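# Structural overview for review
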Amino acid sequence: MPVVTELFKWEGTKAKLNTHFATENRQFGSKMTDSKYFTTTKKGEIFELKAELNSDKKEKKKEAVKKVIASMTVGKDVSALFPDVVNCMQTDNLELKKLVYLYLMNYAKSQPDMAIMAVNTFVKDCEDPNPLIRALAVRTMGCIRVDKITEYLCEPLRKCLKDEDPYVRKTAAVCVAKLHDINAQLVEDQGFLDTLKDLISDSNPMVVANAVAALSEIAESHPNSNLLDLNPQSINKLLTALNECTEWGQIFILDCLANYTPRDDRESQSICERVTPRLSHANSAVVLSAVKVLMKFMEMLPKDLDYYGTLLKKLAPPLVTLLSAEPELQYVALRNINLIVQKRPEILKHEMKVFFVKYNDPIYVKLEKLDIMIRLASQANIAQVLAELKEYATEVDVDFVRKAVRAIGRCAIKVEQSAERCVSTLLDLIQTKVNYVVQEAIVVIKDIFRKYPNKYESVIATLCENLDSLDEPEARAAMIWIVGEYAERIDNADELLESFLEGFHDESTQVQLQLLTAIVKLFLKKPTETQELVQQVLSLATQDSDNPDLRDRGYIYWRLLSTDPVAAKEVVLAEKPLISEETDLIEPTLLEELICHIGTLASVYHKPPSAFVEGSRGVMHRRLPARTGSGESTESPDVGTAAGGSAPEAAPSIIPSQGDLLGDLLNLDIAPSTTTGPPPPTTGMQMGGMDLLGGGLDSLMGDESEPLGGDIGGSPAMGAGFGVAPAVMPASLNAPVGGGLGDLFDLGGGVGMPMGAYIPPKTVWLPAMKAKGLEISGTFARRAGVIQMELILTNKAMSVMTDFAIQFNRNSFGLAPAGPLQVLTPLGPNQTIEVSLPLSTVGPVMKMEPLNNLQVAVKNNIDVFYFSCQYPISMLFVEDGKMERQVFLATWKDIPNDNESQFQIKDCHLNSDAASNKLQGSNIFTIAKRTVEGQDMLYMSIKLSNGIWVLAELRVQAGNPNYTISLKCRAPEVSQCVFQCYEAVLKN
Amino acid sequence: MIGGLFIYNHKGEVLISRVYRDDIGRNAVDAFRVNVIHARQQVRSPVTNIARTSFFHVKRSNIWLAAVTKQNVNAAMVFEFLYKMCDVMTAYFGKISEENIKNNFVLIYELLDEILDFGYPQNSETGALKTFITQTGIKSQSKEEQSQITSQVTGQIGWRREGIKYRRNELFLDVLESVNLLMSPQGQVLSAHVSGRVVMKSYLSGMPECKFGMNDKIVIDKQGKGGATEEAAGKSDLGGSGGGGGGGKQSIAIDDCTFHQCVRLSKFDAERSISFIPPDGECELMRYRTTKDIILPFRVIPLVREVGRTKLEVKVVIKSNFKPSLLAQKIEVRIPTPLNTSGVQVICMKGKAKYKASENAIVWKIKRMAGMKESQISAEIELLPTNDKKKWARPPISMNFEVPFAPSGLKVRYLKVFEPKLNYSDHDVIKWVRYIGRSGIYETRC
């Protein structure tokens, strides 16, 4: 006999135990409390139960089975009673039968041989005239995971699948899924899958729903099978059943629909139209599943369609309504809304208020609401949001308060107009002296400094007062960064940093790295007083530390400082790239996958199913469908993110057959990561050391000879701690510039409305003859800050082309595709498609000749083709290329005259204002204008995507169609290209 | 899909455990107890992932219901199912308590077997379930009865059985609204919304076709354009008694509404008409939400003054803002006090006010108050001096009340009943409408 382990004792056991046996007989037959069954805890009860189970009296038997089930529930092992319980199976009492079945489901696996005893009863029950009993038998049989039993299950199941009663059929449909889980092969061999498919056309909606659920589950474990075989006809059937079945059935059907990819936008629209009524269902899961279908199919609708706008409007109210559901559902809804807001911010942009936190919301709801508030924050609603956040920062829950403080910082970074108010709010919070509030505030203020350099440094004094109270690494590191960054403004910066140095080895790595960098910065700014300090920290980092990151960074600084302090200054005190406003956005491809999983656990965890589901299930990656290839929609700027998915699975197999100069392409990643913005600051700092040697120095301008004037044009991917070397001078160089040059800027030429950026006309890059019938022509454009390669692919061959992919060779400015090439439909003979490919500038760098040369490989199902093209460098001109006047002056003076080049632009008939306007459209900014003897002098600045500044002076003489332009740049190589741009822009 | 379902008492002892999937082992039961029920920290999420197993839980009084899975299930569905499970249990044996669950464990297992098959939720309408899951065991049914049961459980109208007969056909409509407000200390409305429900209790014979109409702006506007329609004829049907404060408001803008599964959604989507065959007895016909032109029944005007470090003076005025002929009831104003309160003196003009130390609040109760009146309370709060650096967070002043009108302005225009097979007409049905507005979260910051 097995040991009876008593896991639990019920409350009040003793009292009941006393009365239990005394009253047992009296209780028989009466519908008294069942809780007494939980109370027997006597030794030898198994023995007693055995006797009762074998009793002649039906009632006694039933009572005994109940006791057995109760014991089973609390975790006692009652498997020893198997034969005795099975003996009770043959009964016409349905309640008793169900109890015995429950027992069987639990223990059949441990007693497979004896379970066979039950088979006959099951088979007999499957023939019972009562449909409830037939269904019960087939339902239970499917739950008994014993091979020998499943063999006997097949025949009854086959009958039940064709039963006249829908109740039996709907139960049998689920049973197929059960059987498949036990023995997939058997299900296939017996042809159950086909029968199941037939049930999708059943007349009863519930049978349809269960068949859909079962098929979907089975299909999940056969990712490549075409099991569900969704086609317009079957979809129509599902949509009809959708109106008629239970709420649960509607969920099964909608979830299944979401896996379908409509053939074109018309089909997509008609499905959307039939799904939208579900948005008014009382069941939140029905609503969310409908939202999933709509979000997915919307991708295919052209944006200019009226219906598209209508649909967007229809989505908001039901999402808001979900927030009045029970808190657990609110949580699920909020996690999903978080995704929806990232994918389509326009849906909820006016609904900020509903995400305001209520005082008695559960904490998990509060935290999620806060997240969404930040995502929806904009100039229009920032005042309200800030007022709310300030309230939240005084709440009790520590996590919530921290997040609220952090949110204030993020608002400052996101909405520039609010930055000042945010900073003063943060200062108020620091005054509360609540420890974790102060620390959190300091962490976010550091980010604000990064976003708005030289603007809020007046608060540093207040921050320094709180130095002692900081005990969290992140806050300490942030404070140290601030001290190092602004060392020249803090009188006792050396003392402050020295105080941290005492316990150097007890600090966390984050703090150590930051301290090292900060002291080096300090040294470079105040070399005379801090030599000792810097030596101390370098030796601590390189000799006494066993952390390789720290040692490496220490050595790099050491060498840099000992070989060339001026270069060290250029590197360490470099201008840092501004941090982007959204650092915690979900990566676009993951976001797309999660949108396909709206309502499910994946959308709650914000992880793909493969991250938390074992086995073959959930491995299948879902993608959003792409808009059907009508021309105008591909031009929309968001197409890069909107339809980044559905890259052909075969893409990585690209293998150039020719071993020519572009063999290098093989090493490039076909789908470069599409992360937006620079990496978050913390990781950036830790990897700074690596990038310094790898990416920065040997990059484009690596052959620069003159150390001081030389601009280390590092790749923007360089660590945040180092960043791109500046052309902008440190603030200390803002010395007043005397003479005429100084005040001429006061004349300030009016800058008019910018016009669109210059886009060169498309040219043929790859003639069809050279590429087995594929002709590619294209051009480059910069739209809304995104560089795009606009291609026209024409199929001049006789066969269909598919599986397009694109790669670039290394190039001077690190251009790389920011997403896969969006050619989704096969390109038929004589068909043409326009594609626009967003580009990033974070790819690998190699200097090209000419500088703006780009080597491209395009692959399709036929072959790989190579061509090269030249891009106008103006497309790399960034939007924030307008230099401060003072900085411009200083920089102009600072760049050696050797770096200046002069060009003539002939036959240009614009006046100076029109020219300035036109140039601004291409991000060439006029900083000042002066007129000397009828000659207009325009001073302009340009910033390239890799941080190189180009300064220009354009001379325009009234009546003379020839302009003179002087360009000054620390990297004179680019001048020629820049000049070409001037010419192209002005003459176009 | 759902792999298993467990019910625990507050100590974490299992009361019910039903496993549907092979991938859920007995250890899952213990994992949830150890990691969630016995966790030291407050619950941070209703979904917990422990060793690649996900647990969804809801709590009803001190009973935990947990659904377990290892797959990427539809999370919204799991929670909806758990709520439904609670509804079904309540419909069968009343309150969900440890005692009731133990007393009905056989029934619960039977229900779980029926409404969840291999983790897939099945028909869980109590009306249908009660026809064949009874605690008395199924007596030998006739063949007709059996097929009637199965066709109802699987049928299109799963929520209603055929052959219902009443001598008197009667229906009751309750418009229940909860009005929510968050107001700034200066009296600015930060957010306000009404979430309302229309609850219908019907005692109608046969399979009656019902049509429900209210003063929905979209419908009224459409009618204005299209001229008189049949709805206009039914206008006098149920009107009247409704509106309290708003007065002449003709129609209201409904932000969003959801319906009981008996309502034909595609018809609503196309024509915005609400037609259905109701379940017998009580059901929640629709839920709705409005944010525009809400009648705020009360306005709270707070005044808090800190007198030195050890004293607070609080004055709160409430004003009722609806027809003087109507009476608000069960009015309660809750004024939070700091944790270091040592004593409170209260003076109020109306009702009773008490300082409740255990709740850190002054609770002011007024039994009844007519519209367009105003009342005031003032209190002096003595504080213990503390060296606690953290300031008192000043939670908002909250209010509870009940008013006999719908703060959203919603009015029922008609509810028409057609039963072509039986010989009673719409006029024979006795109909009742009632409006109740309650406070939801009705807060004013101070």
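Everything numeric here is computed off the predicted structure, so don't read it as measured data.

## Quick look at the overall build of chain A
When its secondary structure is counted, chain A shows 39 helices and 13 strands. Expressed as a percentage of the 988 residues in chain A, the buried residues total 60%. Within chain A, contacts between residues at least 6 apart in sequence are counted, and of these 69% link residues at least 24 apart. Accessible surface computed for chain A: about 38,500 Å², of which carbon and sulfur atoms make up 51%.

## Overview of the overall build of chain B
Within chain B one finds 9 helices and 23 strands. The buried share of chain B, taken over its 446 residues, is 57%. Taking as baseline every contact in chain B between residues at least 6 positions apart, the subset at least 24 positions apart corresponds to 72%. Of the roughly 18,900 Å² that chain B leaves accessible, carbon and sulfur atoms contribute 50%.

## Side note on the pairing of strand β16 (residues 327-336) of chain B
All names here are of chain B. Two elements, β16 and strand β19 (residues 361-370), share 9 bridges in a ladder whose sense is antiparallel. Residue pairing for β19: L327 is matched across the bridge by A370. Pairing geometry for β16 and strand β21 (residues 397-403), over 4 bridges, is antiparallel. Looking at the pairing, Q329 lines up with E402 of β21.

## Considerations on the environment of A:A70
Residue and element names in this part refer to chain A. For A70, the position within the fold is in helix α3 (residues 58-73). Among the residues examined, A70 registers a relative accessible area of 1% and is labelled buried. For the pair formed by A70 and S35, sequence separation is 35 residues and the distance between their alpha carbons is 8.7 Å.

## Description of helix α20 (residues 382-392) of chain A
The set of residues buried in α20(A) consists of A:I382, A:V385, A:L386, A:E388, A:L389 and A:Y392. An end-on view of α20(A) places all buried positions within 165° of arc, on one side of the element. The inward-facing, buried residues of α20(A) abut α19 (363-376), α21 (398-414) and α22 (419-431) of chain A together with β8 (170-183) and β9 (189-203) of chain B.

## Focus on the side chain of A:K97
Residues and elements named next belong to chain A. For K97, the position within the fold is in helix α5 (residues 94-107). By relative accessible area, K97 is classed as buried at 4%. With residues up to four places along the chain from it excluded, the contact list for K97 reads M89, T91, T121, D125 and L136.

## Regarding the pattern of salt bridges
Tallying each qualifying case throughout the model produces 74 salt bridges over all chains. Two residues, A:R145 and B:D22, come together in a salt bridge whose shortest N-O distance is 3.1 Å. Of this pair, A:R145 sits in the loop between α7 (131-143) and α8 (147-161) while B:D22 is found in the loop between β2 (14-19) and α1 (27-37), placing the two residues in two different chains. B:D22 sits in the partly exposed class, given a relative accessible area of 36%. Two residues, A:E217 and B:R21, come together in a salt bridge whose shortest N-O distance is 2.4 Å. Residue A:E217 is located in helix α12 (residues 205-221), and its partner B:R21 is located in the loop between β2 and α1; the two belong to separate chains. Across this residue pair, the class does not change: A:E217 and B:R21 are buried. Each member of the salt-bridge network shares a partner with another, and the members are A:E299, A:K343, A:R344, A:E346 and A:E592.

## Details of the interface of chain B and chain A
Residue-level contacts link 98 residues of chain B with 111 residues of chain A. Both faces considered, chain B and chain A share a buried interface measuring about 9,000 Å² in area, 55% of it formed by carbon and sulfur atoms. The interface formed by chain B and chain A contains 13 salt bridges. The partner of A:E391 in a salt bridge is B:R445, and the shortest N-O contact between them spans 3.9 Å. At the junction of chain B with chain A, the criterion picks out 45 residue pairs in polar contact (both at pLDDT 80 or more). The dominant element in the side of chain B that touches chain A, judged by the number of residues it contributes, is helix α2 (residues 75-93) of chain B, at 8 residues. Class assignment of the residues belonging to the side of chain B that touches chain A gives a composition of 38 nonpolar, 30 polar and 30 charged.

## As for a positive patch on the surface
Residue and element names in this part refer to chain B. A grouping of K352, K354, K365, K367 and R368 is seen on the molecular surface, where their side chains present a positively charged patch. Sorting the residues of the positive patch by element identifies β18 (352-356) and β19 as the ones contributing at least two each. Considering each element in turn, the positive patch owes the most residues, 3 residues, to β19. Structurally, K365 can be placed in strand β19. K365 gets classed as partly exposed once you look at its relative accessible area, which sits at 43%.

## A few points about the environment of A:E59
Here A:E59 is to be found in helix α3. Sequence separation between A:E59 and A:L96 is 37 residues; the distance between their C-alpha atoms is 9.6 Å.

## What to know about the sheet that holds strand β9 (residues 900-905) of chain A
Residues and elements named next belong to chain A. Pairing in this open sheet of 5 strands is antiparallel, and the strands run β9-β13-β12-β11-β10 from one edge to the other. Two strands lie at the open edges of the sheet, namely β9 and β10 (925-932), each paired on one side alone. Taking each pair of neighbouring strands and ignoring which way they run, the sheet shows an average axis angle of 20°. In this structure, strand β12 (residues 949-957) lies alongside strand β13 (residues 963-969), joined through 6 bridges in antiparallel fashion. Along β13, the bridge assignment pairs E953 with S966. Packed onto the sheet, helix α39 (residues 973-987) meets β9, β11 (935-943), β12 and β13 and runs at close to 25° relative to β9.

## As for the packing of helix α14 (residues 247-257) of chain A against α2(B)
Two numbers describe how α14(A) lies on α2(B): the axes approach to 12 Å, and their chain directions differ by 170°. When the axis of α14(A) is compared with that of α2(B), the two are roughly antiparallel. For the pair α14(A) and α2(B), contact is made by A:E247, A:W248, A:I251 and A:F252 and by B:M77, B:E80, B:F81 and B:K84, respectively. A class-by-class count of the residues in the contact of α14(A) with α2(B) yields 5 nonpolar, no polar and 3 charged.

## Considerations on the confidence of the model for chain B
Across chain B, the average pLDDT comes to 87, with 92% of residues at or above 70. Between residues 227-248 of chain B, whose pLDDT stays under 50, and residues either more than four places distant or in other chains, the model counts 41 contacts.

## Quick notes on the sheet that holds strand β8 (residues 864-870) of chain A
Residue and element names in this part refer to chain A. An order of β4-β7-β8 is seen for the 3 strands of this open sheet, with the pairing classed as antiparallel. Where the open sheet ends on each side, the last strands, each with one partner, are β4 (805-808) and β8. Strand-to-strand twist across the sheet, computed as the mean angle between neighbouring axes with direction ignored, equals 25°. Where strand β7 (residues 853-859) meets β8, 7 bridges bridge the pair, whose relative direction is antiparallel. In the sheet register, V856 faces β8, and the bridge partner there is F867.

## As for the packing of helix α2 (residues 45-53) of chain A against α3(A)
Helix-helix packing: each pair is described by the crossing angle between the helix axes and the interaxial distance. Residues and elements named next belong to chain A. Orientation of α2 relative to α3, taken along the N-to-C sense of each, is 145°, at an axis distance of 8 Å. The handedness of the crossing between α2 and α3 comes out as left-handed. The residues of α3 that touch α2, namely those facing E45, L49, E52 and L53, are K60, K61, A64, V65, K67, V68 and S71. Grouping the constituent residues of the contact of α2 with α3 by class yields 5 nonpolar, 1 polar and 5 charged.

## A closer look at the pairing of strand β2 (residues 774-783) of chain A
Residues and elements named next belong to chain A. Extensive coverage of β2 is indicated by the burial of 9 of its 10 residues. Note: strand β1 (residues 763-766) against β2, 3 bridges, orientation antiparallel. For L766, the partnering residue across the bridge sits in β2 and is I776. The sheet contact formed by β2 and strand β3 (residues 786-795) spans 10 bridges and is antiparallel. Note on β3: the bridge partner recorded for T779 is E790. What sits between the antiparallel neighbours β2 and β3 is a turn of 2 residues, in which A784 has the positive phi angle 50°.

Quick notes on the rules
- Residues numbered from 1 in each chain as written.
- Chains lettered and ligands numbered in written order.
- Predicted model: local features only at pLDDT ≥ 70, side-chain atom pairs only at ≥ 80, totals over all residues.
- Heavy atoms only, no water.
- Helix = DSSP H or I, 4+ residues; strand = E, 2+ residues; numbered from the N terminus.
- Buried < 20%, exposed > 50% of the residue type's maximum accessible area, 1.4 Å probe, protein only.
- Contact = heavy atoms within 4.5 Å.
- Areas by Shrake-Rupley, 256 points an atom, 1.4 Å probe, with all protein chains shown as cover.
- Pairing = 2+ DSSP bridges.
- Arc of directions from axis to C-beta.
- Salt bridge = Lys/Arg side-chain N within 4 Å of Asp/Glu carboxyl O.
- Buried area = accessible area lost by both parts, 1.4 Å probe.
- Polar contact = N/O pair within 3.5 Å; in protein donor to acceptor, adjacent residues only side chain to side chain.
- Nonpolar A, V, L, I, M, F, W, Y, C, P; charged D, E, K, R; others polar.
- Patch = residues over 30% accessible without salt bridge, like charges linked within 9 Å, V, L, I, M, F, W, Y side chains within 5 Å.
- Lys, Arg positive; Asp, Glu negative; His and termini not counted.
- Charge placed at Lys NZ, Arg CZ, Asp CG, Glu CD.
- Axes fitted to C-alpha atoms, helices over the stretch in contact; angles between N-to-C directions.
- Parallel < 35°, antiparallel > 145°, perpendicular 65-115°, else oblique.
- pLDDT = per-residue confidence, 0-100.
- Left-handed = near helix turned anticlockwise from the far one by under 90°.

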